[in-house]
Structure formats: structure tokens, C-alpha cells
Amino acid sequence: MADSRQQKTRGMGRGDLPGEGIVTALLFGASAVSVLCVAGILAFLAWFCLPLVTEGQSASVLSWTWRPASGQFGILPMAVGSLLLGSSALLLAWPLGLGLTLFAHGLGPAWPNFNPARPLMALVRLMTSVPTVVYGLASVFLLVPLVRSGFSGGSGFSWLAAALTLALLVLPTIVLVLDGQLRLVTPGLRLTAAALGLTRTQELVHLALPLCGRGLKTAAVLGFGRAVGDTLLPLMLSGNAAQVPGGPLDSLRTLTAHIALVVATDSQSAAYTSLFACGALLFGMSQAVNLGLRGLRPVQATLSAPRRLSLERLARALAWTSALAVPAGVCALLGYLLWRGLPTLGAALFFGDTPPLDALLHGAAVFDGLWPACLGTLYLVLVASCLAIPLGVASGIHLAEFATGRAGRLISSCVDLLAGVPSILMGLFGFGLILLLRHTLWPRANTCLLLSALCLALLVLPYLISATRTCLEALPRELRLTAASLGLTRWQTVSRVLLPAASRGVLGGIILAVGRAAEDTAVIMLTGVVVGAGTPGALTDKFEALPFTIYYLAAEHQSPQELDLAFGAALTLLCLTALLFALARSLRASLLNGKSRRWGNGTSAYQRTTA
Amino acid sequence: MTTAIRIKNLSVAFAGRTVLDTLSLEVDSGGPTVLVGRSGSGKTTLLRALNRLNECLPDCATSGSVELRLGNEWLDAYAPGTSPEALRKRVGMVFQTPNPLPVSVARNMELPLELALGLGQQERAERAELALREAHLWDEVKDRLDHPARTLSGGQQQRLCLARALAFRPKILLLDEPTASLDHKSARGVEELLLDLAGRYTVLLVSHNLNQARRMSQRQSRRMFVLREGARLEAVAREDLDDKERLLALMDELL
Amino acid sequence: MRKTMLLLILAVAFFALPAQASELDAFAGKTGKIDIAGGTAHIPVMKEAAKRIMQKAPGLRITVAGGGSGVGVQKVGEGLVDIGNTGRALSEAEVAKYGLKSFAFAIDGVAAVVHPKNPVNALTHQQVQDIFAGKITNWKQVGGRDAAIHLYTRDEASGTREVFWGVMLKKGQIAPSANVVSSNGAMKSALSGDMDGIGYVSIGHIDQTIKAPDLDGVAPTQDNAKSGKYPVLRKLYMNTKGEPTGVVAAFISYIQGPEGAAITASDGYIPTK
């Protein structure tokens, strides 16, 4: 604490720069939002879980049978289902992600004219933009039949199918985290290790990876959180039987899918109350894994020569396996999507029977087309980004550069907690918030676009914060010392030297967050998305959105033609997210080239100080 | 006097920009052989061409031949059958700035031996101690072997890097301005050490400091080359090295 | 004589067209908002009606959402939507708690369905009960091929499930290992891909991708449901909180009127009128 006070007085004491104090206060405010949100969500969960304790229903809820018709509300099978599915997906994705990263960083072949790492990493980046619901749709019609015919004795809707697809979903998160860490670590090692006669494999396995302990853990935590918190894939693929599965071909139900399935019941019943117990359990689960992984210490073992060699062989085998298996899986799913979706593309897909020009230029109403859903998604992402990006980046800066002592620890643990909130729970929170408002301050409050955007913003906020923070903290200490020695204030150091230096990573985090906001279905399902609404007119309107339209069409198609529409919509959403993604990347490229004046100055300041 | 390094028509280009152009050079065993030249004249690239380290940098194209005498045999560095790792294990290198690995002092010595040479625990410890003694560092670090290497002073770090290279028992030592980032006293310490080592190893030293180059040429076996703009190599005559006035004139012309 | 008949028919047709359009005229120039949510079987009817009305009255916004019958009750009860759809009758408790009012507009049967290539073409009521209870586990026990039966059921919010469970299974147990899907469409996609699956859907959803075996010798068709020969039936309801007013009342009477009935019929349900 003494430390933080000292730094603060130093910051405020600069009479010539009154802005410094204001900036610090603003950054602190951004961080406080996370704390308030976590407090709000916890209070909300506790409030709704309270009847379980006071009315003595906890024994019924913490049991092994879910049969609401006969008054049995046991959620333990779902808890086990979530744990099994989440950990199996992580156990698949983490090594594959590690392998893929290692492949891209030098374990792959180094052909003179063609570096396979490039298309591989491009594919991984493309994967970050593949929406959950798109994976779900393709898997229902491709993977599930394969599982069913490949292993006799099951419907195909199984733990296995869900785990495989979920692994693909969390893989890019893992790869990007590891890649970012390795990029920071390896340049300093490359020449040294090579000059000592170490092979690339040895350098990566024995030198670089042990230095990436934090990244390896972050990747696992983020991956598990994503896997255990996902709603759509288990809902669409795992069969949803409320039982503990006996094997990978059995059906299981996760807590998230359970919430999505049961939220559609009477809000006063015990079944409804038990949902919040599910929420609390989910929350507890991701936190426990988070803490457990953080407690792990990297082991500095000296290995015997044969074990060392086998470790290197294992790494190479892993790299090659991942580099072959992952693209094969993704290409199969996306290829299937293209095959089904491409023939449906056309003006009719988007505009139904309305003339496209009328819709585009005069805002004519469109029915039977995807146009309103496209616009809905676009608005949703824009509003959510406007809310989340400034807050997230500011809070990340605050945590990395300004927060100290107990306050800093409190905020960063709140951000971790917030990251552990699954999207379905965020949706439930938003929905509960509206109910609360209606009963108290604002009787006309209703689910709407603004509410969805708000919940989405909260959902992606921790991604933004930790991306910004990790990138800033990974910068060499010398950079801060150099900047300080040149007489720059702390804020000048941050804005002119550190941020430009970390901009690649920060923008990478923003890209991930925007993609995540565009594709999430679980949140908007509970906070205002509808099947038919036309183009959104105001922030308080209900709206259509592409991911939900896909989910709805996949589930509710009346004819094979309507199912084709679902594939068309999936392809559209994929293109939209890929486009957003390309936009963010080209923006990043232009920033790096110094085309933007402000950043250009920042970059030159950075070059001055490092020269 | 025997030849230890034979370079023929060596050209190196990065991303299409030629740094070294058909350069030839023979380096005698022992030494030290000193290579001077202005910043950017390609000294480092020349040095790194000897242990094929340029290949670790993006878009590098090398042509020509480099032969190194390692023990009684000649090794063609760029022959298709030569693995860069095997080459680098037998050619030690010290960089301009100290580059200890981000681990402890002891691990800095032992990890490369463990990984690259596959030595057992016992032999690693022995070699590490011997090399640290050879680098006059043992007495300073023997009580803090498990401290992070970054906590050592700059001069100590550089001697650690030298010791790390010596522990491999190389035939040839490549030194890239090894004292550039050190203070005067540390630099003199390292210089004396290098003079001492030159009796046992073939030492090729890059420097852009003529004074240091002159000090390093006190030994009988000294040689000095100047790398000019456009990658021309010029040998400095023995008489010029002995005569302080002539050397100063050369320095003026060079810098 | 024939000419007069023709003229008469033409005249009727001429007057009938504007007469049909006049149902929509009730909405001309109306503004405001109608939010609809709930039963998934209702959505096609609601969407089509909303489209026709909004084309007539661009100032009116009608949004349609699903969620299931449970959501319909909850949302209309909380006042979050204007009309909450259910695929089952409201319970007394629900009516009492929220003061809801129900408007039926269609009759729909619920049938057990299998993959079209499944050789089983007829099942008895008892067999269906035993299959879903997990007592019959292999298709050869009911005259099919030698393969394990894969069960599919709906989630608890489903009105379809409530009717199937209440009438077809006589509130008997559903094996806990049954796969749970969240809508009629999802059930259809699951079964159209699974040779050995059995589930149940609203008869309005049956198409060439799935097959409904006869039940006790009666084909599960909307005609048989209408005549009462096929017993597993339900009504589709729109519910409002209290008496509907304004555009909401107009919407409900439109759905219940002749044009609404035509839409209902074209979506595979039997209009109540």
C-alpha cells in the first residue's frame, strides 16, 4: 500500500501536467466497472440461490436425479457432464494447440520457397472468427452421422462429438496465447541458442517453453473456461440426456445446456431456482480450475538423456499431428458448410421477395431474408464494441501500469472472476436485471438490443483487459526505464512508448473480442433476440441476429429448403465475422505502417527511446 | 604457422541487400586475429557466416565456401552434409552484448552441455567449473551459482558467456566486439583473458576500437585485417602494428 | 345459364378479393409494437401473419420469438411480451398467478416418428410407452431390424413433450438416457439422420425426412386428429395478460379469422374455425 501511495503522489504532484491525475482516475474508473459487475453478478446469483437454502431445497437440488415432473431437481449429473466435457475438450485442444504453435515456430519443415507456418497461422486466425453456432451446425450434419456410423451403438449425439467440436472451438484461443508468448520469448534466445549448437527443437522445448509457463497456464485457463462455459455446442451435439455418461459415446448434459433448456420454464418454480444453483456451480468450477492451474509451479527437472530425446521426439510428433489433424478437421467442417451453403447464396437469401435496391437504399422492409439479421448483428457488435473496447483497454492499462497493492489484486481477481462467467449466465443476468428493473425503478424496461449489447460487452470485457495487460507487462523493463529517463511522465510512457510497442498484441485481443461478440448466441437468446423483427430501428427494439437465426433454422426448419437457408446464413455469418476480422487486421497493418498520425508519433517516440 | 579458417568468395545478402561480396580470407591458427572496420561494414555478418548463424535471421542468402580446421580435419561449413548444430558446437561464439540465458548461473553453463553435447551430470559440473575458472569467474560466482545470471554485473555476464563457450572445448572462438558494452576496467579484464586464451584456441576477434585492436596485437602471432566499405579486406602490415604513429594515421583514416 | 353461372363466379371472385384484403385493412395506418414469444410450433404462423400485416402497416412493428411454451407463459406473465404462445392449455396456477387469458387458434397432433427407412410401419400404444420407458430396447422386439433403439425426447419447457407425455405415455417414465433436443426442428434433424432413432414431433412438422408409424392402426394425420380418430392432440394458444386491447386484439382476431385460418392450415395445422 505504501508503494501505491507513493506512486500516486508522484503522479498527482506534477503541477505542469494536471491531466495526469485525471487520466489515472479515469483508468481506475474503468477497472472499477469490472469489480462492480462481479459484485452484481455474485449478488444476483446469491439472491436467487437463497430460496434453495431457506426453503430447504438444497438436498433435492444436490442429488443425482433430474425429473421435474416428480419434483426431483438434481443437478449433479449436469455438473459432472460439464466437468467431463470441459476437461476432455481441453485435454484434446491444449496439446493440439501447443503442437500447432511449436510447428509454426520451427518444428515444421523449413522449405526454401514455402513456409507452412504462414498458412497454418492464417487458418488459426480464421478459426477465431468461426462462430460457435457455425461449428455446431456443420457438426450436427457431418460429425454426428460420422460418429454414429463409425461406432455402432449410439445416436451420434454424444460426449465424443461435443468434445471434438469443442476442442476445435477453443484451439485458436490456446494457439494465439502461446504464439504471443513465444514471440516475446524466442527472439532473444534464437541466436544465443543457435550459437551454442542447439537445434530448433531443443531451443523450443528446453528453453523457450519453460519461459512460457504463464502463457501455458493462461492458455489452459482460458481454454477450459471457454469449453465449460459454451452453451451452443453441448446443446446441439451432446444429446442432453440428464445422466452421467458411461462412455464417450453416451449422451450427456452440461450445466450450460441445462440452463438453456430449463430457463424456458415458469420463473417461480423450483426448477427455475435450481438454475441459479447451476450458475453458481459453473462459476465455482471455472474458478477452481483457474486457481488450481495458477498454483501449479513449473518443474525444473533435469532429464536423463533418453527422456530428453523422447521429449523432443514427442514435441515433433505432436507438432506434426496437430499440423495435419487440425487443418483437416477445420477444412472438413468448413468445406461441408461451403458445399451446403454456396448454392443458397443469392439476392433471395438476403432480401426474400423484396427488391434488394429498395431494401438497401430506401429501407424497405425485408421478410423471409437474412438482411434484418445481418444488420442486427452489425449494430449489436458496434454497440458492444463501443462499450467494451475503451473500458477494457483502459482497465488493462490500469492493471498493468498503475494498479498496485491490495486494490490491484482485488481488481485483477475480479477480472479473472468475470472471465469465468459463462455467456449463458451473462444472459441470465441480463434477463434477471430487466425483471428487477420492471419491478422497481423502470416498469417499462424490456429486453432489447441495448441490453444484449451491454451483456455482450461484459462478456468480452475480461478478454480485452487481460490481452491489454499481458501485452504491456510482457514488454521489457528497460523500455519503461528508458522512457522514464527521458523525462516522460507515466502516462506519456504508457501512451507514447508502451502502447505502441504492445499495439500488435492489444489489437489481437480486440479482434478476438469483436469476433466473440459477433458470434455469441447464448447471451442474446435470453436478452432480446427474436425470430422476426425487421431491421432494428432503435436501441430499445428487439432485433434479429445471424447466429440466432442459424440456431433457430437448424432447430426449427420446416423443410429441407429452410435448412439450406440455415447453411446460407451460416456462410453469411462466417463471411461477416471473417470480414470484421480482416478489417481489424488491415487496420492494425495501417497503424503499424504509421499511416495514422497519432500512432505515427507514438512509434517514432518508441524508436527514439530504443535507438 | 598453420591456417585454421579458409574463406573463399563468400557473399552474404539479407533480403536481396548484399552485405558481403565475394570475400576471401585465411586466418592462422592461434592469433588473436583482429578484424576492424566501421560500423555496418559487415564484420558481424562475416563472423556469423563462420558458424552459419546468419541462417537464423530472416531472408538470408549465402554463397561461397568456408572451411574450418577442427583438430586434424577440415570441415566444409556449407557442405550439404554439414549440420549447422554440429558445426556450432565446435565453434564457440561470444556476442557483443552479454546474452546469458534467463536461468541461473549454473544452468547457463550446464543446460547447453546437457542439451547439445548430452553430457552426464558429473561431467557437466566438472566442465562448468573448469571453464568458469578459465574465464577467471569461478571465485566470484561459486557462492551464487543458483542465482539468476542476470543478477551478475555486465563484465561478469560477459565472462560467463565466454566460459559457456569455453565449456564446449571449441577449436575456434569467434568474438564479436566482446567488450563493447563493458566499462573500461571490465573490458581490460576480458582483453587480458582473451590474450591468455589465444595460446590455446584460434581466436577471431571483431572490433571497431583500434586501441583495443592494438592492445590485442601484443602477441607474436597477431594479425589484423581491415574490412572496408564495399566489403574489401585489407591486411595491416606487421610494421604498422608496431608503430604507434602509423597506427594512429590508420585510425584517422578509418574512423 | 352457364354464362350466368360464370358471371356470378367472377362477380363473387371480384368482390371476394377486396373482402379478403379488408381483414388487413383493420391495420392500415396503425402504429405501435406487438411482441410475441413462446411455443416453437406457432412461429411459422406468427411470422407469416406479421409479414402480411407489416406490409400493410409499415408503422407497426411485430416481433416474433420462440423459447417454448414455458417461456411464453413466463414472458407474457411478466409483461415482457404482449402475446405468449403455448402448445398446451395453461394450468390453473398459471392463470391465477398472472391473470392470463387464452385464445386457441389451431389443433395439432403429436406423433411418434422414426427414420423414413425404418421398416417398422405400425406400433401399438403400449409399445410406444414401453419403448420410451426403456423396457423395449431393440427394434427387432417390435418387428424391425436387430439394432438398439435410440430415444429422443424434448426438454421440459416443451408443450409437445407435455402432450406426448401426458396423453401418449400416460405420464409414464421416459428413460433418463434419452437424448434431449430443444425443438421440433431439432428433433426432425436428429431423426432424419438416425436410422435407429425414435422421437416425437408435432404432426404439422412431419415431412419426407421423417416417418410416423401408425398408432394402433390409425395413421397420425391432421385429418384423423381433426376427426378425433387419432387421440394424441393439443391446441395451440395465444395468451395475453388480461383482456387484449388495440393492435394486440386486432392481431388475435386476425389469426383467428379466415385469413389467419388459411395461414394456419398452410403450415400443417388444423384451424379451430
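Residues numbered from 1 in each chain as written. Chains lettered and ligands numbered in written order. Predicted model: local features only at pLDDT ≥ 70, side-chain atom pairs only at ≥ 80, totals over all residues. Heavy atoms only, no water.

### Notes on the sheet that holds strand β2 (residues 17-28) of chain B
Residues and elements named next belong to chain B. How we decide: Pairing between strands is defined by DSSP: at least two bridges between the two strands are required. Only DSSP runs of H or I with at least four residues qualify as helices, and only runs of E with at least two residues qualify as strands; both kinds are numbered from the N terminus onward. To define axes, lines are fitted to C-alpha atoms, for helices over the stretch in contact only, and angles between the resulting N-to-C directions are given on a 0 to 180 degree scale. The contact criterion used is simple: two residues touch if any of their non-hydrogen atoms lie within 4.5 Å.
Pairing in this open sheet of four strands is antiparallel, and the strands run β2-β1-β4-β5 from one edge to the other. The sheet is open, and its two edges are formed by β2 and β5 (73-76), each paired on a single side. On average, each strand axis in the sheet is tilted by 5° relative to the strand beside it, whichever way the strands run. Note that strand β4 (residues 60-70) and β5 share four bridges and pair antiparallel. Bridge pairing in β5 places glutamate 67 opposite aspartate 76. The sheet contacts of helix α1 (residues 43-50) involve β1 (3-14), β2 and β4, and relative to β1 the element is tilted by about 120°.

### A closer look at the interface of chain A and chain B
Cut-off, in case you're wondering: By buried area we mean how much accessible surface two parts lose on assembly, using a 1.4 Å probe and totalling the loss over both. Put simply, a salt bridge is a Lys or Arg side-chain nitrogen that is within 4 Å of an Asp or Glu carboxyl oxygen. Under the scheme applied, nonpolar residues are Ala, Val, Leu, Ile, Met, Phe, Trp, Tyr, Cys and Pro; charged residues are Asp, Glu, Lys and Arg; polar residues are all the others, including Gly.
Opposite the 19 residues of chain A that make contact, chain B presents 24 residues. Interface of chain A and chain B: buried area, both sides summed, is about 1900 Å²; carbon and sulfur atoms make up 68% of it. The interface formed by chain A and chain B holds zero salt bridges in total. Elements with a contribution of two residues or more to the side of chain A that touches chain B: α8 (159-195) and α9 (200-211) of chain A. The biggest single contributor to the side of chain A that touches chain B is α8 of chain A, with six residues. Residues belonging to the side of chain A that touches chain B are distributed by class as follows: nine nonpolar, seven polar and three charged.

### Comments concerning the interface of chain C and chain A
The interface is formed by 52 residues belonging to chain C together with 57 residues belonging to chain A. Taking both partners together, chain C and chain A bury about 4200 Å²; carbon and sulfur atoms supply 50% of that area. Applying the counting criterion to the chain C and chain A interface returns four salt bridges. Where arginine 61 of chain C meets aspartate 541 of chain A, a salt bridge forms, and the shortest distance between an N and an O atom there is 3.3 Å. Secondary structure elements with two or more residues in the side of chain C that touches chain A: β1 (32-38), α2 (43-56), β2 (60-67), α3 (69-78), α4 (92-98), β6 (150-154), β7 (179-181) and α7 (184-192) of chain C. Residue contributions to the side of chain C that touches chain A peak at seven residues, all from β2 of chain C. Looking at the side of chain C that touches chain A residue by residue, the classes come out as 17 nonpolar, 22 polar and 13 charged.

### Let's talk about the side chain of histidine 206 of chain A
Here is the rule: The buried label applies to any residue whose accessible area, calculated with a 1.4 Å probe on protein chains only, is under 20% of its type's maximum; exposed applies above 50%, and partly exposed to all values in between.
Within the element layout of this structure, histidine 206 of chain A appears in helix α9. Overall, histidine 206 of chain A belongs to the buried group, its relative accessible area being 14%.

### Focus on the domain arrangement of chain C
Residues and elements named next belong to chain C. What counts is decided by this rule: These domain boundaries are the output of an automatic or database domain assignment.
The domain boundaries assigned to chain C delineate domain 1 (33-106 + 235-271) and domain 2 (109-233). The straight-line distance from the C-alpha centre of domain 1 to that of domain 2 is 27 Å. Regarding the contact of domain 1 and domain 2, the summed buried area is about 860 Å², with carbon and sulfur atoms giving 57% of it. Ranking the residues of domain 1 by area buried against domain 2 places Thr40, Arg88 and Ile270 at the top, with a combined share of 47%. Put simply, domain 1 and domain 2 have one salt bridge between them. Across the pair glutamate 162 and arginine 88 runs a salt bridge whose closest N-O atoms are separated by 3.8 Å.

### Concerning the side chain of glutamine 222 of chain C
Residues and elements named next belong to chain C. Defined as follows: Whenever two N or O atoms come within 3.5 Å, that pair is a polar contact, provided that in protein one can donate a hydrogen and the other can accept it, and provided that, for residues adjacent in sequence, both atoms are side-chain atoms.
Position of glutamine 222 relative to the elements: it lies in helix α8 (residues 222-227). The exposure class assigned to glutamine 222 is buried, which follows from its relative accessible area of 13%. A polar contact is formed between the side chain of glutamine 222 and the backbone oxygen of glycine 268, at a distance of 2.4 Å. Each residue touching glutamine 222, except ones within four places of it in the same chain, is listed here: Ile107, Asp108, Gly109, Ile203, Gly204, Gly268, Tyr269 and Ile270.

### Overview of the pairing of strand β4 (residues 100-114) of chain C
Side-chain direction in a regular strand flips from residue to residue, so the side chains alternate between the two faces of the sheet. All names here are of chain C. A large share of β4 lies buried, amounting to 11 of its 15 residues. Direction of pairing for β4 relative to strand β10 (residues 233-241): antiparallel, over a ladder of nine bridges. Note on β10: the bridge partner recorded for aspartate 108 is arginine 234. In terms of strand pairing, β4 meets strand β11 (residues 270-271) through two bridges, oriented antiparallel. Residue isoleucine 107 lies in a different strand from β11, and its bridge partner there is isoleucine 270. Across five bridges, β4 lies against strand β8 (residues 197-202) in antiparallel orientation. Following the sheet pairing, alanine 112 is matched in β8 by tyrosine 200.

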